[in-house]
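Chain residues, written in single-letter form:
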Amino acid sequence: MIFLPQDSSKRDKVKKVIEDVCRQNELTVLGWREVPVDETVLGPAAREAVPSMWQLFVKAPKRLKDDEDRDGFERTLY
């Protein structure tokens, strides 16, 4: 789960940086999903400040083949 800027051009730049960092750490980006949000329940100040919420799906590196290596995957994600 990632919180990104509301502005789409800034958001795209941040997403590219995140994807580049993933590649540098042998993580394959599988895709992005915008999280549906009901902003009608928010007040004006909260609506103005709410980030754009996204989920990022990545595939573990090939070097992490079994469950014993899963902690390494979690650390890489962190």
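The rules behind these values
- Residues numbered from 1 in each chain as written.
- Predicted model: local features only at pLDDT ≥ 70, side-chain atom pairs only at ≥ 80, totals over all residues.
- Heavy atoms only, no water.
- Salt bridge = Lys/Arg side-chain N within 4 Å of Asp/Glu carboxyl O.
- Core = buried A, V, L, I, M, F, W, Y, C linked by side-chain atoms within 4.5 Å.
- Buried < 20%, exposed > 50% of the residue type's maximum accessible area, 1.4 Å probe, protein only.
- Helix = DSSP H or I, 4+ residues; strand = E, 2+ residues; numbered from the N terminus.
- 1 Å grid on protein atoms, 1.4 Å probe; cavity = no way out; pocket = protein on both sides within 12 Å on 5 of 7 lines; lining within 4 Å.
- Points joined across faces, edges and corners; volume = space filled by probe spheres on them.
- Nonpolar A, V, L, I, M, F, W, Y, C, P; charged D, E, K, R; others polar.

Concerning the pattern of salt bridges
Logical step 1: This model, assessed by the stated rule, comprises two salt bridges.
Logical step 2: Linked through salt bridges whose partners overlap, the residues forming this network are Lys16, Asp20 and Arg23.

Remarks on the nonpolar core
Logical step 1: Counting 10 residues, the largest nonpolar core is built from Ile2, Leu4, Ile18, Cys22, Leu27, Trp54, Val58, Ala60, Leu64 and Phe73.
Logical step 2: Listed by contribution, the elements that provide at least two residues to this core are β1 (2–4), α1 (8–24) and β3 (52–59).

Description of the layout of surface pockets
Logical step 1: Size it by volume and the largest pocket reaches roughly 170 Å³.
Logical step 2: What lines the largest pocket is Met1, Ile2, Ile18, Cys22, Leu27, Leu56, Val58 and Leu77.
Logical step 3: When grouped by side-chain class, the residues that make up the lining of the largest pocket number eight nonpolar, no polar and no charged.

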